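Spelled out, the chains give:
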Amino acid sequence: MVSFNKWATAFAYLGLGVALRVQISVKDDDSSLLKGEVDGRVVLMFAPNGTDPLEDTDVTSTPNKMFGKDVFGFGAGGKGVLFSGGDDDDDEDDDVYGFPLAGLEDIPAGTYTVQAFLTPYDKATRSDGSVVYLKFPCGDGAPNINGVGSLLTSTVDVELHEEEEGEEQTINLAFDSVIPVSPFSGKEIGGCSQGNYADGPLLKYVKIRSEVLSRFWGRDMYVGANVLLPSGYDASDKETRYPVLYNQNHWTGGRGPYGYGTNAAFTTAWENGMINENKPTPKLIIVAFRHEAPYYDDSYGVNTANLGPYGDAINDELIPYIDSLFNTIAQPYARIQDGGSTGGWISAASLIFRPDLFGACFSSYPDSLDFHRHQDIALYTNKNAYKRPNGESIGSIRVYEDDNEVVLATVEQENHWELVFGTSSRSSLQWDIWNAVFGVQGLNGYPLEPWDKVTGEIFPEAVEYWKEMDLSHYIVSNWDGPKQLGRVLKDRIYIYVGSHDNYYLDGGVDAFEKAVNGKGGPGWANVTVLEGQTHGGNYQRRETWDYLHFVETWVQDHAPDGKTPLAWGRVAKSSARGNEFADVLARGGRGAALARQSKPTLELEHKVKCGVKVRATAGRWDPGVVLEAQWVVDGKSSGDAFVVKQGEVITYRPRTVKGKDLEVVLRVTGSKRGYVDETRKSEPLLVERRR
């Protein structure tokens, strides 16, 4: 049985008809708050009276009414921003997106605490020529609101009341403070980028300027790591070397992996080197990466067309640097990937794309490994991301009560909630980062989204570009051939998920197992599904020390002198390496986006006789672009404009005035949210005059 909570019953409800305008500016044009003009995202919140609007902004529980709007050239000459309504189904000039209400006009009368926030964007020109406006995080983990450099207004208590028809109520707000960089005690390079922390006896902090990322983004870019050394580690003892467990996660800040520094019992045992009087701690170096990025609190650790070569930055720049500083065993059998959720996907992808570098992955409740089930969306076959074919809403977040599923938020609600915080996949939230990582660049420079974020309509042509990040598709497609993944990855992939995963990630694991074990036979990949378990915990829900000893034993068994050595021939060949950035960019960067486009075409070229039927198509456009066509004869519109679909063949039978040749052109205008409207014209066709 499935039930839905209060948010799952409707996207918006009608209020009491308050006609409302909110004018937001910068206090006294204060240049200390805003130097020059900026593009960015303004979020306006109405919270219950007397509460902090930031106290609860979660999609499953927020009591706030929240609205977001892009601003351009904000602050120039005192220029402010006006919120005067919003409707997710209309293309209004103000482009306001709201949650859980569609627009300001739907807010019920009452008393609210009101506050506004501005996330300023930086302009970035990437090496492929694409230009985007994004928030670059600064040691704050790329929050979706109120990050470093964000402006905010003071809170104001406002009573909204019912108005007589035609009257309006206006609220004036002014940005009067800015979120500063958090003080840091470390001496790492790069300032606040990726945080800046001071070393402890066993927890060390490493940060480098990435050459490949800096070249791609046209600005200094950094990646870092928190390196936890084992008890008894001696830097001068080069003979004693240690396996490395790469613990993938979200933004880790200055925290140590596995609760080191926050869990007193674990910290004490790790530092003493003894779990109890009879059992020593595992002798591992554990590394957690810091790679906050534009679009999210981590980069997903792979090369992508939207975020750049983070995979190369981590694997080819940062890891070798760590190996140069610490006494690691720099061989695949002693390099293990693990993590849960986002970290589960990163750890699996890191091994699958780099079997020459890593030995195994122990990946728990990973994000979708197979897009036949993207969470619970049948992405390859559904027509809509928000509804099943029978019209039922698709859940995104759930809990179980007495073994009955309770949906806390649907896919539709979570996507609409994200729209408050950013358009063009810039919310720094979950569905948007998947668009950025799994997809390619659109013609607008931002991620080519797989569906319309308002209506949920899936664009199959956009989904097709996701297949290189569909890990089961990637494995099966490269089972034989140069990469030989069927042989190279056998017995090295370990996946765990609970059957009641809160984010429906068990579906993607099930599809992955069917694909790869269907090809390689039972056990080719080791997949564990624990009945009734939810999202969280260590691999197979093992206790932490038991799990770390389990990893240590795997390394020992697969060492050159172990029980089942990891054959060097299965990991050393560079041909098994995937996710090469040059290929990623060629397939999904600016050049590929331009190559996808074409102008309208006429089947007949140059010259035709009067009365001949002309066949035409509207050209090639990005998926989701709505097209309006118009025949133009001798520079003037002929007939009414009409909607046309990509690939649709349209016809026109031009007729001339006696004694005069005519020139016929097909003019098509494309429009899409997040894109600038564009008009393209076919080559002209000469229609010979009637004799």
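Up top is the structure these notes are about.
Residues numbered from 1 in each chain as written. Predicted model: local features only at pLDDT ≥ 70, side-chain atom pairs only at ≥ 80, totals over all residues. Heavy atoms only, no water.

Peer 1: Help me get a handle on the pairing of strand β15 (residues 244-248), residues and values and all.
Peer 2: Extensive coverage of β15 is indicated by the burial of 5 of its 5 residues. Alignment of β15 against strand β18 (residues 285-290), held across 3 bridges, turns out to be parallel. In the strand pairing of β18, V244 is matched with I285. Sheet topology places β15 next to strand β21 (residues 335-340); 5 bridges connect them, and they run parallel. If you follow L245 over to β21, its bridge partner there is I336. (Buried < 20%, exposed > 50% of the residue type's maximum accessible area, 1.4 Å probe, protein only. Helix = DSSP H or I, 4+ residues; strand = E, 2+ residues; numbered from the N terminus. Pairing = 2+ DSSP bridges.)

Peer 1: Quick one: what's the story with the state of the cysteines, residue by residue and with numbers?
Peer 2: In total, this model carries 1 disulfide according to the counting rule given. In this model C138 forms its disulfide with C192; the gap between the sulfur atoms is 1.4 Å. Of this pair, C138 sits in the loop between β9 (131-134) and β10 (151-153) while C192 sits in the loop between β12 (169-178) and β13 (203-209); the two residues are 54 residues apart in sequence, bridging distant segments of the chain. Judged on exposure class, the residue C138 and its partner C192 are both buried. (Disulfide = S-S within 2.5 Å.)

Peer 1: Describe in detail unusual backbone geometry, supporting the description with residues and values.
Peer 2: The step from F99 to P100 runs through a cis peptide bond, and the omega angle for that step is -5°. The residue P100 is located in the loop between β6 (97-99) and β7 (110-120) in this model. Backbone geometry places D491, a non-glycine residue, at a positive phi of 70°. Summarising the element assignment, D491 is placed in the loop between α9 (485-488) and β25 (493-498).

Peer 1: Would you mind going over the side chain of S393 in detail, with residue names and values included?
Peer 2: In this structure, S393 sits in the loop between β22 (360-364) and β23 (395-401). Residue S393 is classed as buried on the basis of its relative accessible area of 17%.

Peer 1: I'd like to hear about the pattern of salt bridges, residue by residue, with values.
Peer 2: Inspection of the entire model under this criterion finds 30 salt bridges. Where R354 meets D316, a salt bridge forms, and the shortest distance between an N and an O atom there is 3.1 Å. Highlighted residues: R354 in the loop between α4 (342-353) and β22 and D316 in helix α3 (residues 310-325), separated in sequence by 38 residues. The exposure class of R354 is buried, given its relative accessible area of 7%. Taking the shortest distance from any N to any O, the salt bridge between E418 and K453 comes out at 3.0 Å. Note that E418 is positioned in helix α5 (residues 411-421) and K453 in the loop between α6 (430-438) and α7 (460-464), a separation of 35 residues in sequence. According to the relative accessible area criterion, E418 is buried, its value standing at 0%. Overall, K453 belongs to the buried group, its relative accessible area being 6%. One salt-bridge network, in which partners are shared between bridges, spans D312, D316, R354, D356, R577 and E580. (Salt bridge = Lys/Arg side-chain N within 4 Å of Asp/Glu carboxyl O.)

Peer 1: Summarise the sheet that holds strand β26 (residues 526-530); cite the residues concerned and give the values.
Peer 2: Strand order in this open sheet of 8 strands is β13-β14-β18-β15-β21-β22-β25-β26, and the pairing throughout is mixed. With partners counted over all chains shown, the strands left at the sheet margins are β13 and β26, one partner each. Each strand of the sheet is rotated relative to its neighbour by a mean of 20°, with strand direction disregarded. Contacting β25 and β26, helix α10 (residues 506-520) crosses the sheet at an angle of about 145° to β25. Packing of helix α11 (residues 544-558) onto the sheet brings it into contact with β15, β18, β21, β22 and β25, and relative to β22 it is tilted by some 160°. (Axes fitted to C-alpha atoms, helices over the stretch in contact; angles between N-to-C directions. Contact = heavy atoms within 4.5 Å.)

Peer 1: Could you give an account of α3, with specific residues and numbers?
Peer 2: Helix length check: α3 (16 residues) gives 21 Å between terminal C-alpha atoms against 22 Å at 1.5 Å per residue, within 8%. The largest bend along α3 measures about 30° and falls at L318, with the proline P320 one to four residues further on. For α3, the full list of buried residues reads Y310, G311, D312, A313, I314, N315, E317, L318, I319, I322 and D323. (Expected span 1.5 Å × (residues − 1). Bend = angle between axes of the 7 residues up to and from the residue.)

Peer 1: Summarise α4; cite the residues concerned and give the values.
Peer 2: The first and last C-alpha atoms of α4 sit 16 Å apart over 12 residues, in line with the 16 Å expected at 1.5 Å per residue. With 12 of 12 residues buried, α4 is to be regarded as a mostly interior element. Among all positions in α4, only T342, G343, G344, W345, I346, S347, A348, A349, S350, L351, I352 and F353 are buried. Structurally, α4 contributes buried residues whose contacts are with β15, β21, β22, α6, α8 (471-477) and β25.

Peer 1: Residue-level account of the sheet that holds strand β32 (residues 650-652), with values.
Peer 2: Pairing is antiparallel across the open sheet formed by 3 strands, whose spatial order is β27-β29-β32. The two strands at the open ends of the sheet, each matched to only one other strand, are β27 (601-602) and β32. Sheet topology note: the strand β29 (residues 614-617)/β32 ladder contains 3 bridges and is antiparallel. Its bridge partner being in β32, A616 is matched across the sheet by I650.

Peer 1: Quick one: what's the story with the packing of aromatic side chains, residue by residue and with numbers?
Peer 2: Given two aromatic rings, one states the distance between the centres and the angle between the planes to describe the pair. Summed over the entire model, instances satisfying the criterion amount to 36 aromatic pairs. Seen from their ring centres, Y258 and Y547 are 6.2 Å apart, and the 35° between their planes marks the pair as tilted. One end of the pair, Y258, is in the loop between β15 and α2 (264-272); the other, Y547, is in helix α11, with 289 residues separating them in the sequence. The two residues Y258 and Y547 agree in class, both being buried. (Phe/Tyr/Trp six-rings, centres within 6.5 Å; stacked < 30°, edge-to-face > 60°.)

Peer 1: Please set out the nonpolar core residue by residue, giving values where relevant.
Peer 2: Core analysis: the largest hydrophobic core is formed by 114 residues, its most contacted members being W345, I493 and L548. The element best represented in this core is α4, accounting for 7 residues. Apart from residues lying up to four places away in sequence, W345 is in contact with Y300, V302, P366, D367, S368, L369, F438, M469 and L471. Among the nonpolar cores identified, the runner-up in size contains 29 residues, and I24, V26, F67 and L151 belong to it. (Core = buried A, V, L, I, M, F, W, Y, C linked by side-chain atoms within 4.5 Å.)

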